Number of protein chains: 4
Amino acid sequence: MPGNSFGHLFRVTTWGESHGKALGVVVDGCPAGISLSVADIQHELDRRKPGTSVITSERKEPDEVMILSGVFEGKTTGTPISMLVWNRDVDSRPYEAMKHIARPGQADYTYQMKYGLRDYRGGGRASGRETLARVAAGAIARKILASRNIEIVGHVVEIGGIKARHVPPGEIKKNVDTNEVRCADPDAAVQMQELIKTVKREGDSVGGVVEVIVTGVPPGLGEPVFDKLDAELAKALMSIGAVKGVEIGKGFRVAGMRGSDMNDEFYIDAGRIKARTNNAGGILGGISTGEPIICRLAVKPTSSISKPQRSVDMNRMEEVELRIQGRHDPCICPRIVPVAEAMVAIVILDYMMIAMSYKML
Amino acid sequence: MPGNSFGHLFRVTTWGESHGKALGVVVDGCPAGISLSVADIQHELDRRKPGTSVITSERKEPDEVMILSGVFEGKTTGTPISMLVWNRDVDSRPYEAMKHIARPGQADYTYQMKYGLRDYRGGGRASGRETLARVAAGAIARKILASRNIEIVGHVVEIGGIKARHVPPGEIKKNVDTNEVRCADPDAAVQMQELIKTVKREGDSVGGVVEVIVTGVPPGLGEPVFDKLDAELAKALMSIGAVKGVEIGKGFRVAGMRGSDMNDEFYIDAGRIKARTNNAGGILGGISTGEPIICRLAVKPTSSISKPQRSVDMNRMEEVELRIQGRHDPCICPRIVPVAEAMVAIVILDYMMIAMSYKML
Amino acid sequence: MPGNSFGHLFRVTTWGESHGKALGVVVDGCPAGISLSVADIQHELDRRKPGTSVITSERKEPDEVMILSGVFEGKTTGTPISMLVWNRDVDSRPYEAMKHIARPGQADYTYQMKYGLRDYRGGGRASGRETLARVAAGAIARKILASRNIEIVGHVVEIGGIKARHVPPGEIKKNVDTNEVRCADPDAAVQMQELIKTVKREGDSVGGVVEVIVTGVPPGLGEPVFDKLDAELAKALMSIGAVKGVEIGKGFRVAGMRGSDMNDEFYIDAGRIKARTNNAGGILGGISTGEPIICRLAVKPTSSISKPQRSVDMNRMEEVELRIQGRHDPCICPRIVPVAEAMVAIVILDYMMIAMSYKML
Amino acid sequence: MPGNSFGHLFRVTTWGESHGKALGVVVDGCPAGISLSVADIQHELDRRKPGTSVITSERKEPDEVMILSGVFEGKTTGTPISMLVWNRDVDSRPYEAMKHIARPGQADYTYQMKYGLRDYRGGGRASGRETLARVAAGAIARKILASRNIEIVGHVVEIGGIKARHVPPGEIKKNVDTNEVRCADPDAAVQMQELIKTVKREGDSVGGVVEVIVTGVPPGLGEPVFDKLDAELAKALMSIGAVKGVEIGKGFRVAGMRGSDMNDEFYIDAGRIKARTNNAGGILGGISTGEPIICRLAVKPTSSISKPQRSVDMNRMEEVELRIQGRHDPCICPRIVPVAEAMVAIVILDYMMIAMSYKML
């Protein structure tokens, strides 16, 4: 239980620091016989990588992935798949001056308290760069799920108070990659981009909400009572750096609802049981219903801002004023989309494998 | 990974059905030498048990706990502590008529799809009655934490749109047990009670929000990157039956915030590093800061309502109208309070034990 | 990882002390829909229980099992199966006098050092009585395996230097329950029984070797590299109280062999690949070959003997002479047979479920 | 549970194939603040690497390790330590011709049955080369243990029927690296070397027994009832490729012993409880006694021999005669010594960390 692994049968172990030599992931438990190429992984990494637009960090990382094991003649062998990305565009100088400072909103202080020392360069292990390993692992899960017609689409539904209007599921996927904020509502997308640019100019940052929708999940996934599917999704999503809240289905809106509104009534459609509404977000009693699974993540504004902040030098134990240098995203929501999708993919595949295990009789 | 265990070093395994012979829990990994009596457990169970007020289920269960192992001469021995509660007031007749019906909002349909059969009486394993085992286990964790001055207080902050005003932390504990809704704001409490009674009369139910605050947690608890303290709390809380959302600190409010507002600035207070605000809810980078840990749960309206609902007979595969009989809570929030506290207690103790393990050098 | 659970998908958690109120087990992950009755469990418990012959402990325990959850209308529901056996014939008086004494060969000293206190009555948690919970859980695994034509047979192959001659596999099962030592060689069985009686008269005890054979296991079970099938079997068997060694196939005899003798040559038999010999004991590279799996356990002589022994009073920290009172088996081998079978059954079923999980594509 | 991780709090995940690009390991849970350099790891890898003497494989691998993460300014940071070794001297040609053949004693057949395909080059994942990752991880554990005066010494005690005479513990460490077979008895070492050379000339291989002794382990390590220290050691050691048996203390010799001989009597030595003998091998009831821990492994003769063998072409499903080309150790015992030490080191450190976790009160 040392913290850097996730999943039960499809199990992912990540490693690496923002300014270290490399980052990587070992994927253990991937079924054998699946076609897998570097391109499958690279495609997802490219969706996450920085330096691609004016609203993301300027760090230029090619983030080219190597597959070091577990794939033979283009197919997975069932043995661990080790993947690695070298850090190329490392500039640790801005961190030198503030290496003893507990940056507000960051993990400097807590890592220092927990471990007694830390790699302060670029946030070290606590950097958002850690998530590239999640995306690489998730790319494998997504590919397997796609072959079973399970699709995962994430999109930004709110940034800094600007909310996207409701977009029909079919359109989300089409719209989401047409703009840099990954918002399926094109009008809101424009406003969000403007807001991000404004906030960046002000040396500040802004938060938002990301939604992930999974379609095609068969009913019956989930392990009550503690390893419920929604519980595992909550953990998976809350484990992403900037996330401060997770909702399933109606989420916090249930607080204002009556049971008679909330309950999704069942009916029969072409010989199959369906739900007329999906307030539950596709999960009842911790088990998938077969309706789309809907999760939402609250993403806090990026902690690294260049506006002056008051803080503490942990070494000299004195208060200081801090202006953070470095290259940061003024709003991390767009880049969290592929990370959230990856985490959801890992959970769904893992739980499908668990569900399979009980089918022995 | 079959689902009915939680925790890593302090590990809880629960079992039992709502209308079966009994329910219980095995607590493994409890440190040896702790004074533990039936009264310690019973006190917490009594806070959760039904039949105690007009706004809870009428089922009359004494919920008297037996300790069957792991305690010798009043002290824990380090071996598994097995606890058991017999089901006494079981009336399965109302469930007979609807045994093939997928009650909306309930786990009937998903259990049937997952397992192919189910104990339909009183919701079987998916019943909220399962949570008594969590509370019994949590009582042990709470006792150990209390001896280290770590306190956990839960309270209802919203029911059906009625929101409690902010109450200073010190007053919450004092106020919360003075009313049946467990709300720390006495005025809101009165309104909430009225609403619940109204809703009950209408054969309906209502949702709300519960908050849990942990004080006295030392900095340094949490295992990045996947087993972050907030990630584990999210799983623990989302695993409770009716919960549809979990927040840490500012939660979903971060979507409208700027980094310069969100970041909690550090300062020095009597030689120790403190945070001026606690928007983070006591956790940064997945590790506790030493500030109070603040979580909120979105609790859906109870699914069992007596208002007529449309649904499906899974056996005859035809649509039916359903009026649920049985004894149910019109609002589960007050009784979720001790359950949420128990889950948080288990997580915090477990993570303290994990943190201890690294101190070997 | 607190120690009282075993298995990954078919997961067993045991609890209880020798002279406590009860002992029991929670079996989590049992597939749903399996016919299961008390009689299925009781049959195996009766094979393990004491007081049935002159060569076993005189403690008279009916060991009647209750099933408290997880079974509905005669079938497993996929939820945890909780089973309980009350302790009936408890006489703790002999233990009172030696409660501070570290009995040689027993866990008194180590439990005291680890936990700082212990339930000294009847060995507490370290008693062989703990194994009844393993047998109860194993009975479920065996029943499921039997439905797939996987059979597990254990027998005693050596006691105190008396070795059974080789008996063809088909005869072992037939012979093993015809004598009280559970030896498939009737001649050796007679000698073994005589030896045990002699040893008992001398106030001493004697060790032996137990073999377990599993037939019908399909090829392909096992999870390299650490969770190899033989590695898991070694852990499962070494975790039984008196076991000091585990062998697979030729075991320690390989030390004197050449590769050309050891290697099992493959051939084709009716279109299937078979091995001409089975020196490997049915496992290669940690994965089952389809040949019978063969394990052997070294069982130490029972530590509780009435012969005088020198030891230490841990409270007064002085040396003492000890004559152990109480009711003990002079040779535990016959009663370890069903325990070893149970552990093997749990491993095989668990690994079949794991193997199933990868078949999703 | 996909198989390539080991340990609970000190957790090791290995990856890589014999003829793939690289092999490596991620060590998660290593305490922070420990001085660690490449040299610490390299020293142990050099003890394991091939091509160093006439009795080992001729494959020339520098086995130079890179540390890619988790170490900053010469100290561990508490984050995952990723280590990598590139494969340099790869010659896969000899495997091309036999890529469909199930080599006797090897995992070809079982991998093929389990996974449906495999990397046949050099044994792929089933190669003994996998163990370098164990040794790299074990080197970290050893270093930490050494700082607490816990020492682990392995030596060869038998090869092909030639048994080393008993050597006092103090001398073992001194003698073991003076000869190529790692035998502490110099006379036996000479005979063993001669035997290995003879066997190699004959195109055959030979088995043996390796012993590992751990001194300085405090009493109290081990987690009853399933995760006993000896059970975990048995799994750790049985998971090494060629191992077919594991013993603790007297091991299989207990079968011929009486309780009065076997039981180690306690006495008081300078105010501390000690055992007069150590037949138990340092473990009672699954918990360490403080006496040296003694394990023995039965190592089968290397499966790869150049003598002709009968086997099966799995593709054409016909019987064939096989003469294995390639570079192999005629006796793997000497090179298993550092691997077995590494596995024992990982278990002991992991269990020390677990033991620490209960000390919270």
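Quick caveat: nothing in here was measured; it's all calculated off a predicted structure.

What about the interface of chain A and chain B?
Chain A puts 112 residues into the contact, and the matching count from chain B is 112 residues. Between chain A and chain B, the buried area comes to about 8,600 Å², and carbon and sulfur atoms account for 62% of it. Broken down residue by residue, the surface that chain A buries against chain B is led by Met1(A), Phe226(A) and Lys244(A), which jointly contribute 10%. Inspection of the region where chain A meets chain B yields 10 salt bridges. For the salt bridge of Lys114(B) with Glu223(A), the shortest nitrogen-to-oxygen distance reads 2.6 Å. Here the residues of the side of chain A that touches chain B sort into 52 nonpolar, 32 polar and 28 charged. Pairing of strand β11 (residues 243-248) of chain A with strand β11 (residues 243-248) of chain B, which is carried by 3 bridges, proceeds in the antiparallel orientation.

Regarding the relation of the copies chain A and chain B
Of the transformation placing chain A onto chain B, the axial shift is 0.0 Å and the rotation is 180°, giving an RMSD of 0.0 Å. Both copies are brought into coincidence by an operation consistent with a two-fold rotation axis. The residues that chain A uses at the interface reappear at the interface of chain B in 100% of cases, marking a shared surface.

Quick word on helix α6 (residues 186-201) of chain B
Residue and element names in this part refer to chain B. Compared with the 22 Å implied by 1.5 Å per residue over 16 residues, the 23 Å span of α6 between its first and last C-alpha is a close match. Those residues of α6 lying buried are Ala188, Ala189, Met192, Gln193, Leu195, Ile196 and Val199. Each buried residue of α6 sits inside an arc of 165° when the element is viewed along its axis, so together they form one side. Among the exposed residues of α6, those oriented more than 90 degrees off its buried face are Asp187 and Arg201. The elements touched by buried residues of α6 are β8 (151-159) and β9 (162-163). Capping of α6 at its N-terminal end is provided by Asp185; its side-chain oxygen lies 3.0 Å from the backbone amide nitrogen of Asp187. Looking at the residues trailing α6, positive phi occurs at Gly203, about 70°.

With respect to the packing of helix α7 (residues 229-238) of chain C against helix α9 (residues 333-357) of chain C
All names here are of chain C. In contact at an axis separation of 9 Å, α7 and α9 are set at 145° when each is read in the N-to-C sense. The hand of the α7/α9 crossing is right-handed. Taking contact as the criterion, the partners of Leu229, Glu232, Leu233, Ala236 and Leu237 in α7 are, on α9, Ala340, Met343, Val344, Val347, Ile348 and Tyr351. In the contact of α7 with α9, the residues fall into 10 nonpolar, no polar and 1 charged.

Observations concerning the pattern of salt bridges
Applying the stated criterion to the full structure yields 128 salt bridges over all chains. Linking Glu319(D) and Arg276(C) is a salt bridge whose minimum nitrogen-to-oxygen distance equals 3.7 Å. Taken together, the residues Glu319(D) in strand β18 (residues 318-322) and Arg276(C) in the loop between β14 (272-275) and β15 (283-284) connect one chain to another. Glu319(D) sits in the partly exposed class, given a relative accessible area of 33%. A single salt-bridge network, built from bridges that share partners, covers Glu44(A), Arg47(A), Arg142(A) and Glu341(A).

Digging into the packing of α7(C) against helix α7 (residues 229-238) of chain D
When two helices pack together, their arrangement is given by the angle between the helix axes and the distance between those axes. The interhelical angle for the contact between α7(C) and α7(D), taken along N-to-C directions, is 160°, at an axis separation of 8 Å. With respect to each other, α7(C) and α7(D) are oriented roughly antiparallel. Seen along the crossing, α7(C) lies across α7(D) with a hand that is right-handed. Where α7(C) approaches α7(D), its residues Asp230(C), Ala231(C), Glu232(C), Ala234(C), Lys235(C) and Met238(C) are matched on the opposing element by Asp230(D), Ala231(D), Glu232(D), Ala234(D), Lys235(D) and Met238(D). For the contact of α7(C) with α7(D), the class distribution of residues is 6 nonpolar, no polar and 6 charged.

A short note on the confidence of the model for chain A
Across chain A, the average pLDDT comes to 94, with 99% of residues at 70 or higher. Among the scores for the predicted complex, ipTM is 0.97 and pTM is 0.97.

Digging into unusual backbone geometry
Residue and element names in this part refer to chain A. The omega torsion across Pro224 and Val225 is 5°, close enough to zero to call that bond cis. When you line up the elements, Val225 lands in the loop between β10 (208-215) and α7 (229-238). Of note in this structure, Asp63 is not a glycine but carries a positive phi near 50°. Relative to the helices and strands, Asp63 is located in the loop between α1 (38-48) and β4 (65-67). Given the relative accessible area of 0%, Asp63 is considered buried.

Thoughts on the sheet that holds strand β2 (residues 11-16) of chain D
Residue and element names in this part refer to chain D. If you walk across this open sheet you meet the 5 strands as β1-β2-β3-β7-β4, and the pairing is antiparallel. Sheet topology places β1 (5-6) and β4 (65-67) at the edges, where each strand pairs with a single neighbour. With 3 bridges joining them, β4 and strand β7 (residues 81-86) adopt antiparallel strand pairing. Bridge assignment links Val65 to a residue of β7, and that residue is Val85.

What about the interface of chain A and chain D?
Facing 44 residues of chain A, the contacting portion of chain D comprises 44 residues. Summing the contributions of chain A and of chain D, the shared interface buries around 3,300 Å²; its carbon and sulfur component is 66%. Linking chain A to chain D there are 0 salt bridges. Scanning the region where chain A abuts chain D turns up 8 residue pairs in polar contact (both at pLDDT 80 or more). For the side of chain A that touches chain D, the secondary structure elements donating two or more residues are β2 (11-16), β3 (22-28), β4, β6 (75-76), β7 (81-86) and α3 (108-115) of chain A. Taken together, the residues that form the side of chain A that touches chain D break down as 18 nonpolar, 16 polar and 10 charged.

Topic: the relation of the copies chain A and chain D
At an RMSD of 0.0 Å, chain A and chain D line up after a rotation of 180° and a shift of 0.0 Å along the axis. An overlap of 100% is found between the interface residues of chain A and their copies at the interface of chain D, pointing to a shared contact surface.

Reading the values: the criteria
Residues numbered from 1 in each chain as written. Chains lettered and ligands numbered in written order. Predicted model: local features only at pLDDT ≥ 70, side-chain atom pairs only at ≥ 80, totals over all residues. Heavy atoms only, no water. Contact = heavy atoms within 4.5 Å. Buried area = accessible area lost by both parts, 1.4 Å probe. Salt bridge = Lys/Arg side-chain N within 4 Å of Asp/Glu carboxyl O. Nonpolar A, V, L, I, M, F, W, Y, C, P; charged D, E, K, R; others polar. Pairing = 2+ DSSP bridges. Helix = DSSP H or I, 4+ residues; strand = E, 2+ residues; numbered from the N terminus. Least-squares fit on C-alpha atoms with pLDDT ≥ 70 in both. Expected span 1.5 Å × (residues − 1). Buried < 20%, exposed > 50% of the residue type's maximum accessible area, 1.4 Å probe, protein only. Arc of directions from axis to C-beta. Polar contact = N/O pair within 3.5 Å; in protein donor to acceptor, adjacent residues only side chain to side chain. Axes fitted to C-alpha atoms, helices over the stretch in contact; angles between N-to-C directions. Left-handed = near helix turned anticlockwise from the far one by under 90°. Parallel < 35°, antiparallel > 145°, perpendicular 65-115°, else oblique. pLDDT = per-residue confidence, 0-100.

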